[in-house]
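Next come the chains, spelled out residue by residue.
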Amino acid sequence: MGTLNNKPRTFTAHPHPLCTRTHQIGALALVATTFFLTRLFDQPVGSCSYSSSFDNHRKRSHDPSRLITAGSLSWPDRGYGSHLSLKIYVYDELEISGLRELMYGRDGKISADSCLKGQWGTQVKIHRLLLLSRFRTRKKEEADLFFVPTYVKCVRMMGGLNDKEINQTYIKVLGQMPYFRLSGGRDHIFVFPSGAGAHLFRSWATYLNRSIILTPEGDRTDKRDTSAFNTWKDIIIPGNVDDAMTKTEDVLVVPLPLSKRKYLANFLGRSQGKTGRLQLIELAKLYPDRLESPDLKFSGPNKLGKTEYFLHLRNSKFCLAPRGESSWTLRFYESYFVECVPVILSDQVELPFQNVIDYTEISIKWPSNQIGPQLLDYLESIPDSEIEGMLARGREVRCLWIYRPELEPCSAMLGLMWELQRKVRQFHQSAETFWLHNRSIVNRNLVEFSNWKAPMPLP
């Protein structure tokens, strides 16, 4: 290593000619041109973004969530990958003892078609669409994920199983799944389509606390002290909008022009003893010309029909969606098909596909502690041109609320496939899974995975 030399350094003159003014001007021009071209090519190509009516100061320099063309979605590469590449195994109802009971009740008399109706229809729709999916595999050993079909919300509502039977049957079913034990349930998918979420299975916190739960409900802290939804592993799915409203032709009820709508806003629902809903009902009494909230019958001989319900819903510019028994409400999704702007009055609500949709462009979320005349004044201050813009953007994303095959350019199933792809792991373990130097997987008794026998102790 050489020594340091503190002597002054002498720089000899460069043999080339001195820099003239012409050289300086040319150098400056080169720098300016380089800067301009760098900025030009640094801009994203083919991106499309909307300017928010209420938030013009926000900049969307990176906007992976935009709809590029009508019916064509662009999911962000980060965290998702550049294309879909999934293999999902769907358990057969005859494969595991007890699974049929969770689908059709103890006597097997509840049909899948009868479970397609109402908010819990997503359990059946997702199952049927996965059976036809190009991502389905019939080989467990090559599966990235495993789907467990159950229709327990419907079965419970129709008296097919009680809460105790549901709990016991789930535990029985899980004990027969070697791959569930292998991963601790991390790669197993369950659908709980109602406001109760995974609480329909009372022991979910013990057995499904690592599994992927598909649910429209993100909060049940009001009744359960804890929510079964975990934003890191679970997926919020859209509610089940009636098929008669999501068809491309012969729709049950078509939207009205804004100029022909009678009311500023509406709330169509029962009070359920909930503060926000009671406040809206009282507000409608004070301002009957601005807010519609009729005493609608949802059961009995005077039950409101499906067509009448949507005719009411379409007659306002804004559809109010307060919290009910849980934080989510089907009315939020229904509003897009009668083309009224949904106003969320549920502070804890979780919404689907947040990496793709900017909800500030297609809805309003208003604090639930500010329900009163000020809400109506605010809504009345919004020009029709702004409302039309929100409705137009809502028309472009509402395809994500429709349960159609993922081969469609835009559907709830396509969105679900992208979200599931984020959950795929290359390696799976659990507290009851061990491995040896030769890469063989064994249990606590050193029995190789291929020899695990049911029933197995669950993780």
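Refer to the preceding data block for the structure.
Throughout what follows, the structure given in this document is the object of discussion.

Rules of the game
- Every chain is numbered on its own, with residues counted from 1 as its sequence reads.
- The predicted nature of this model means local features are confined to residues of pLDDT at least 70 and side-chain atom pairs, given and counted, to a pLDDT of 80 or more, with totals for whole chains, interfaces and linings taken over all residues.
- Hydrogens are left out, water is left out, and the side-chain values use all remaining heavy atoms of the structure.
- Helix numbering and strand numbering both begin at the N terminus, where a helix is a DSSP run of H or I of at least 4 residues and a strand a DSSP run of E of at least 2.
- Think of it in three bands: with a 1.4 Å probe and only protein chains considered, a residue is buried below 20% of the maximum accessible area for its type, exposed above 50%, and partly exposed in between.
- Working definition of accessibility: Shrake-Rupley area with a 1.4 Å probe, residue cover restricted to the visible protein chains.
- The rule for pairing is simple: two strands pair if DSSP sees at least two bridges between them.
- Angular values range over 0 to 180 degrees, each being the angle between N-to-C directions of two axes fitted as lines to C-alpha atoms, with helices fitted over their stretch in contact.
- Should an angle lie under 35 degrees it is considered roughly parallel, over 145 roughly antiparallel, and from 65 to 115 roughly perpendicular; all remaining angles are considered oblique.
- Contact definition: two residues touch when any of their heavy atoms are within 4.5 Å.
- Three classes are used: nonpolar for Ala, Val, Leu, Ile, Met, Phe, Trp, Tyr, Cys and Pro, charged for Asp, Glu, Lys and Arg, and polar for all others, with Gly counted as polar.
- Ring pairs shown here join Phe, Tyr and Trp side chains whose ring centres sit within 6.5 Å, with only the six-membered ring taken for Trp; geometry is labelled stacked below 30 degrees between planes, edge-to-face above 60, and tilted in between.
- Two cysteine sulfur atoms make up a disulfide if the distance between them is within 2.5 Å.
- Nonpolar cores are built from buried Ala, Val, Leu, Ile, Met, Phe, Trp, Tyr and Cys residues. Side-chain atoms within 4.5 Å join them into one set.

As a further point, take the overall build of the protein chain. Looking only at helices and strands, the protein chain features 15 helices and 15 strands. Every one of the 459 residues in the protein chain was classed for burial, and the buried ones make up 49%. Just so you have it, the protein chain exposes about 24400 Å², and 52% of that area is on carbon and sulfur atoms.

Time to look at the pairing of strand S7 (residues 212–215). With burial as the criterion, each face of S7 is covered, one bearing Ile-212 and Leu-214 and the other bearing Ile-213 and Thr-215. Of the strand pairs in this sheet, strand S6 (residues 188–191) and S7 are connected by 3 bridges, and their pairing is parallel. When the bridges of S7 are listed, Ile-189 appears paired with Ile-212.

Here the focus is unusual backbone geometry. Its identity is not glycine, yet Asp-250 carries a phi of approximately 55 degrees, on the positive side. Among the secondary structure elements, Asp-250 is positioned in the loop between helix H9 (243–246) and strand S9 (263–266). The phi torsion at Glu-339 lies on the positive side, around 60 degrees, for a residue other than glycine. Considering the arrangement of structural elements, one finds Glu-339 in the loop between helix H12 (330–338) and strand S12 (341–345). On the basis of relative accessibility, which here comes to 14%, the residue Glu-339 falls in the buried class.

All right, on to the packing of helix H3 (residues 122–131) against helix H15 (residues 412–421) then. As a packed pair, H3 and H15 sit with axes 11 Å apart at the nearest point and diverge in direction by 75 degrees. Classified by the angle between their axes, H3 and H15 sit roughly perpendicular to one another. Contact residues: Ile-126, Leu-129 and Leu-130 in H3; Met-413, Leu-416 and Met-417 in H15. Among the residues forming the contact of H3 with H15, the class breakdown is 6 nonpolar, no polar and no charged.

Right, let's talk about the pairing of S6 for a bit. Side chains His-188 and Phe-190 of S6 all project onto a buried face; the interleaved residues Ile-189 and Val-191 project onto the opposite face, where all are buried too. Sheet topology note: the strand S5 (residues 145–147)/S6 ladder contains 2 bridges and is parallel. The residue bridging Phe-147 from the neighbouring strand is Ile-189, located in S6.

This paragraph deals with the packing of aromatic side chains. Tallied over the full model, the rule gives 23 aromatic pairs. Between Tyr-104 and Tyr-151, the ring centres sit 6.1 Å apart and the planes meet at 80 degrees, which makes this aromatic pair edge-to-face. Within this pair, whereas Tyr-104 is found in helix H2 (residues 99–104), its partner Tyr-151 is found in the loop between S5 and helix H4 (152–157), the two being separated by 47 residues in sequence. Since its relative accessible area comes to 2%, Tyr-151 is described here as buried. Here Tyr-170 and Phe-192 contribute two aromatic rings whose centre-to-centre distance is 6.1 Å and whose plane-to-plane angle is 40 degrees, an arrangement assigned as tilted.

Let's shift gears to the environment of Gln-123. Residue placement: Gln-123 occurs in helix H3. The buried category is assigned to Gln-123, whose relative accessible area is 1%. Along the sequence, Gln-123 and Met-103 sit 20 residues apart, while their C-alpha atoms lie 9.6 Å from each other. Filtering out sequence-adjacent residues up to four positions away, Gln-123 remains in contact with Thr-150, Tyr-151, Val-152, Lys-153, Cys-154, Val-191, Phe-192 and Pro-193.

Our focus in this paragraph is the state of the cysteines. If you walk through the whole model with that rule in mind, you get 3 disulfides. Each disulfide pairs two cysteine sulfurs, and for Cys-115 the partner residue is Cys-154, the sulfurs being separated by 2.0 Å. Between Cys-115 and Cys-154, the disulfide has an S-S torsion of -75 degrees and is therefore left-handed. In this pair, Cys-115 sits in the loop between H2 and H3 while Cys-154 sits in helix H4, placing the two residues 39 residues apart along the sequence. Each of the two residues, Cys-115 as well as Cys-154, counts as buried. Sulfur-sulfur distance for the disulfide between Cys-399 and Cys-410 comes to 1.9 Å. Residues Cys-399 and Cys-410 are joined by a disulfide whose S-S torsion is about 80 degrees; by sign, that bridge is right-handed. Linking Cys-399 in the loop between helix H14 (384–397) and H15 with Cys-410 in the loop between H14 and H15, this pair joins segments that are 11 residues apart in sequence. A relative accessible area of 13% places Cys-399 in the buried class. By sequence order of its bonded cysteines, the protein chain has the disulfide arrangement 1-2, 3-4, 5-6.

In any sheet, the strands associate via hydrogen bonds between backbone groups, in a parallel or an antiparallel arrangement. Ordered in space as S10-S9-S11-S12-S13, the 5 strands form an open sheet in which the pairing is parallel. Unpaired on one side and paired on the other, strand S10 (291–292) and strand S13 (364–365) mark the two borders of the sheet.

Moving on to the nonpolar core. General note: in soluble globular proteins, nonpolar side chains tend to be found buried as a group. Counting 58 residues, the largest nonpolar core has Ile-126, Leu-214, Ile-357, Trp-401, Leu-416, Met-417 and Leu-420 as its most contacted members. For this core, the secondary-structure elements that each account for two or more residues are strand S3 (88–90), H3, S5, S6, S7, helix H11 (306–313), H12 and H15. The element best represented in this core is H15, accounting for 7 residues. Those residues in contact with Met-417 that sit more than four places away from it in its chain are Leu-84, Leu-86, Ile-88, Leu-130, Phe-135 and Glu-406. Of all hydrophobic cores here, the second largest spans 41 residues; its members include Cys-115, Phe-146, Cys-154 and Leu-174.

A few words on the sheet that holds strand S8 (residues 235–236). Taken in spatial order, the 6 strands of this open sheet run S4-S3-S5-S6-S7-S8, and their pairing is parallel. Either end of the sheet is taken by a strand with one partner, and the two such strands are strand S4 (136–137) and S8.

Across the interface, H11 lies against H12 with an axial gap of 10 Å and an inter-helix angle of 75 degrees. Between H11 and H12, the crossing angle belongs to the class labelled roughly perpendicular. For the pair formed by H11 and H12, the contact residues are Tyr-309, Phe-310 and Leu-313 on the first element and Arg-331, Glu-334, Ser-335 and Val-338 on the second. Looking at the contact of H11 with H12 residue by residue, the class counts come to 4 nonpolar, 1 polar and 2 charged.

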